[in-house]
Amino acid sequence: MPILQKQPRRAAGLLTALALTAGALVAPLAVTPAGADDTSTKTLSGWGNKANLGASLSANVTVTKTPLNLGGAESSVTTAAVGSSRSLLLAPEGVYTVAPNQYSGLGQSSPAADPTLIPNTADVSAIAQGTNGQSLLLREDGTVWAWGANGDGTAGGTVGEPRYTPTKVEGIDGVTSIAAGGASFAIKSDGTLWAWGSGWLLGNAEAAAAGNTGTPVQVRLPEGRTAVEVVDGYEQALVRLDDGSVAAWGANDYGQIGDGSTTAVIEPVVVLAPADLPSGVTVTGIAAGAWASLALLSDGTHLAWGRASRGALGLSSGSTDNVLTPTAPAAGTPAATHPPFAQIVINNNTVLARTTTGLVYGWGTLDGGLFNTGSYASSAPAEYALPYTGAPGTSGQPRTETPQQVGNITGVTALATGPSGAQQIAFVDSVLRRAQGDDANGILSFLTQPLGTASGSKVVRVSASGGTATIASIKISTDSTASSAELAGDDFSIPQLHVYDLPYTLNAGASLPISIRFTPSQLGTRKAALVVKTVEGETLTFRLEGYGTELPGNLPGEKGDKGDKGDKGDSASPGVVAFAAAQSTVTVKRGKTASLPFIVVNGTSTTVAKSTLKAKTPSKLRVTGKKTASLKAVKAGKAVTAKVKLKVGKKAKLGTHKVTVSAKIAGKTVKRTVKVKVTK
């Protein structure tokens with residue numbers, strides 16, 4: 001399992017490619033900036049066990065082959081970790097948990113069907129998930145906190161004593177990184193490596209003889225060496241050392257240690273040294289699965305050793321014989337011709353690899369159909385499908401030992417896979433960008449518009465950056481974030497939509513203009529969203545906003561100017577004064593005060609005098625007290641608002657009532673009706 005680190009704060013839209021290893025995810029999550037400079041979106045998609053992906057508790061045994069969008073928790077999330085029984089999300093405000101069981105970290109009786117913030121975790125800097133159901137948190141003070149079933153002591157403390165909330169692991173401090181698998185691991189600031197949990201993975205002969213423990217013990221690294229990175233599969237652990245070598249220990253039934261034997265190793269032994277590599281090539285990452293071990297090299301190739309019959313080695317050798325030492329794909333084989341890899345992750349026997357250009361490759365036993373292929377094919381999007389060309393594996397599941405591109409998914413910046421193939425995750429950096437449209441607040445504003453009349457068109461532009469985007473749909477929808485105003489999906493339109501024959505391919509550097517008009521159907525603020533989706537799974541949203549006004553009848557306009565020679569000039573277009581209710585319906589409880597908001601927009605060149613709003617209320621409302629409000633003078637080209645506050649009686653009749661409000665504006669008495677809905 002990998003070391004998971006909280007990412008430093010960075011400018012919006014920028015991502016750092018991170019090398020991950022087995023079992024969990026490190027990825028800066030989608031933060032969609034408000035401005036219009038670089039407002040790309042990111043998609044964190046997962047498929048597999050729904051319950052660990054923030055779906056519902058009723059789906060805890062359901063496997064989905066259609067990727068779910070995992071970005072709905074908090075836009076500020078920077079890191080995620082996927083485990084066998086829960087998933088964790090790390091954000092500046094703390095750690096979110098998704099767990100369909102009692103080990104959510106929130107308490108024994110508090111499962112989390114959707115991402116839920118764990119209290120008092122704002123100082124957490126790293127997270128890790130293990131194959132024995134443990135969760136680890138690293139706090140900024142260098143202490144480690146853990147929880148889980150604790151059957152082997154992986155959560156610290158007394159072996160077999162469950163921990164339901166984050167609890168400090170005693171006996172260790174000064175920690176700089178953590179990892180988890182069959183045991184739990186911590187690297188301290190001095191480079192020493194510590195472990196607790198399953199005895200055979202402690203990397204210390206005396207401690208292993210004593211059995212499982214919840215107390216951290218020091219792993220005996222090769223003489224004079226310190227730890228840089230540690231990963232843990234199910235029965236073996238790997239450590240990358242400061243001199244660039246790789247050491248391993250643990251079970252060795254299939255040669256997964258890499259020392260040339262199938263004999264278990266209690267303490268770390270070096271299995272890959274810098275001298276074993278081509279000149280100038282170094283190890284940049286390590287990964288450990290059920291019975292396979294892998295090393296990622298700086299030239300984008302990989303080495304593998306362990307059990308070959310499940311295909312997880314990715315060597316294209318055609319042999320099912322175990323590989324007992326780190327081995328590279330033979331020159332000329334399909335496994336040696338893939339693009340350079342930047343990251344490799346492995347679960348049980350399923351491997352995913354991300355290329356330096358953001359493509360995804362996969363190989364191994366396709367556990368649970370999570371590649372959406374072979375006899376496990378489903379209606380999943382083609383971009384997540386792995387072409388199946390392998391032979392049946394020993395378990396009867398499809399497998400392939402040749403790295404193959406996973407569909408046409410692009411722009412991937414991080415990958416992860418849960419233990420036993422429980423979940424797969426791809427974090428995709430958006431190609432789609434805003435090129436023109438919204439303002440600094442992220443809103444495309446149409447200001448005021450009379451009811452039933454169409455505004456002039458405003459144009460937004462979307463562009464493709466760093467790749468090709470295929471536009472699948474362009475639609476107007478209600479904006480679910482507009483909770484303070486009535487939603488208005490029917491008030492905005494796209495008059496030029498018929499121009500584009502969808503799907504529309506947008507090449508890198510090109511842009512697509514989209515025209516939008518505002519035709520208010522009701523008074524007051526109207527909000528919606530322009531949503532652009534691509535075949536590749538990206539979504540770009542523009543927030544739309546306008547204000548519907550109603551024209552009062554026969555309000556005076558301005559007189560025409562006189563001609564140069566004293567003749568009467570042509571009539572000028574009349575200036576307009578609009579008086580409207582800002583909300584068509586106001587809801588109020590019995591005995592409470594209803595606030596009825598109104599607005600006056602002065603479109604003339606003269607000031608509109610102050611006035612008084614007067615409400616006529618039905619007796620069934622049992623209104624007591626004042627029924628008026630002062631309306632300030634409105635300067636030319638300006639607007640003012642006012643609220644008529646009505647104290648509704650405690651015995652007012654439930655239901656909707658009409659209230660008429662009148663005012664003398666620009667010399668004419670005008671009336672407007674507002675519905676007041678009374679509830680208990």
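So, how was this worked out
- Residues numbered from 1 in each chain as written.
- Predicted model: local features only at pLDDT ≥ 70, side-chain atom pairs only at ≥ 80, totals over all residues.
- Heavy atoms only, no water.
- Helix = DSSP H or I, 4+ residues; strand = E, 2+ residues; numbered from the N terminus.
- Buried < 20%, exposed > 50% of the residue type's maximum accessible area, 1.4 Å probe, protein only.
- Areas by Shrake-Rupley, 256 points an atom, 1.4 Å probe, with all protein chains shown as cover.
- Core = buried A, V, L, I, M, F, W, Y, C linked by side-chain atoms within 4.5 Å.
- Contact = heavy atoms within 4.5 Å.
- Pairing = 2+ DSSP bridges.
- Axes fitted to C-alpha atoms, helices over the stretch in contact; angles between N-to-C directions.
- pLDDT = per-residue confidence, 0-100.
- Patch = residues over 30% accessible without salt bridge, like charges linked within 9 Å, V, L, I, M, F, W, Y side chains within 5 Å.
- Salt bridge = Lys/Arg side-chain N within 4 Å of Asp/Glu carboxyl O.
- Lys, Arg positive; Asp, Glu negative; His and termini not counted.
- Charge placed at Lys NZ, Arg CZ, Asp CG, Glu CD.
- Phe/Tyr/Trp six-rings, centres within 6.5 Å; stacked < 30°, edge-to-face > 60°.
- Lys NZ or Arg CZ within 6 Å of the ring centre and 35° of its normal.

Looking at an unreviewed UniProt entry, one finds the protein chain named Alpha-galactosidase NEW3 domain-containing protein, with Leucobacter weissii as its source organism.

Q: So what exactly am I meant to see when it comes to the overall build of the protein chain here?
A: Check the secondary structure of the protein chain and you find one helix and 45 strands. Buried positions account for 53% of the 680 residues belonging to the protein chain. Per element, the accessible surface of the protein chain, about 27,500 Å² overall, is 49% carbon and sulfur.

Q: I keep staring at the nonpolar core and nothing clicks. Help me out?
A: The tendency in soluble globular proteins is for nonpolar side chains to be buried as a group. Phe185, Leu193, Val239, Trp249, Leu272, Val283 and Ile344 are the most contacted members of the largest nonpolar core, which has 54 residues in total. Tallying contributions element by element places strand β20 (residues 292–297) first for this core, with five residues. In contact with Leu193, other than residues within four places in its own chain, are Phe185, Ala186, Ile187, Val217, Gln218, Val219, Leu221, Ala227, Val230, Val239 and Trp249.

Q: I keep staring at the sheet that holds strand β38 (residues 577–581) and nothing clicks. Help me out?
A: Sheets are built from strands that pair by backbone hydrogen bonding, the pairs being arranged parallel or antiparallel. Ordered by their spatial adjacency, three strands build an open sheet running β38-β40-β43, and the pairing between neighbours is antiparallel. Both edges of this open sheet fall to β38 and β43 (639–647), since each of them pairs with a single strand only. Direction aside, the axes of adjacent strands within the sheet are offset by 20 degrees on average. Pairing geometry for β38 and strand β40 (residues 593–602), over five bridges, is antiparallel. Along β40, the bridge assignment pairs Phe579 with Val600.

Q: Is there a simple way to explain the confidence of the model for the protein chain in this structure?
A: Where the model shows low pLDDT, its predicted coordinates should not be examined in detail. Put simply, the protein chain has an average pLDDT of 75, and 71% of its residues get 70 or more. Overall, residues 49–75 carries pLDDT values under 50, and its contacts beyond four positions in sequence, including any with other chains, amount to 83 contacts.

Q: Just checking my understanding: could you explain a positive patch on the surface for this structure?
A: Taken together, the side chains of Lys589, Lys592, Lys647 and Lys650 make up a positively charged region of the molecular surface. Structurally, Lys589 is set in strand β39 (residues 585–589).

Q: Sorry if this is basic, but what is going on with the side chain of His338 here?
A: Mapped onto the secondary structure, His338 falls in the loop between β22 (323–327) and β23 (341–346). His338 sits in the buried class, given a relative accessible area of 13%. Those residues in contact with His338 that sit more than four places away from it in its chain are Gly300, His302, Tyr361 and Pro403.

Q: So what exactly am I meant to see when it comes to the environment of Gly156 here?
A: On the secondary structure map, Gly156 appears in the loop between β9 (144–148) and β10 (163–168). The sequence separation of Gly156 and Ala146 amounts to 10 residues, and the corresponding C-alpha distance is 6.9 Å. For Gly156, the residues in contact, after removing those within four places along its chain, are Asn150, Arg163, Val169, Trp196 and Gly214.

Q: What is the right way to read the pattern of salt bridges from this model?
A: Side chains carrying opposite charge are able to pair once their charged atoms draw close together. Following the criterion strictly, the structure yields eight salt bridges and no others. Close ionic contact of Glu267 with Arg220 constitutes a salt bridge, the shortest N to O distance being 3.0 Å. On the criterion of sequence distance, the pair formed by Glu267 in strand β18 (residues 265–272) and Arg220 in the loop between β14 (213–218) and β15 (227–232) is long-range, its members being 47 residues apart.

Q: Got a minute to help me understand the packing of aromatic side chains in this structure?
A: According to the stated counting rule, one finds eight aromatic pairs in the structure shown. Consider the rings of Phe446 and Phe492, whose centres lie 5.7 Å apart with planes at 55 degrees: the pair is tilted. On the criterion of sequence distance, the pair formed by Phe446 in strand β30 (residues 443–450) and Phe492 in strand β33 (residues 492–493) is long-range, its members being 46 residues apart. Note on accessibility: Phe446 and Phe492 belong to one class, buried. Clustering of aromatic rings is evident, with ring pairs tying together Phe341, Tyr361 and Trp363. In this arrangement the basic side chain of Arg139 is found over the ring face of Trp145, its NZ or CZ atom lying 4.4 Å from the centre. Here Arg307 stacks its cationic end above the ring of Trp291, 5.0 Å away from the centre of that ring.

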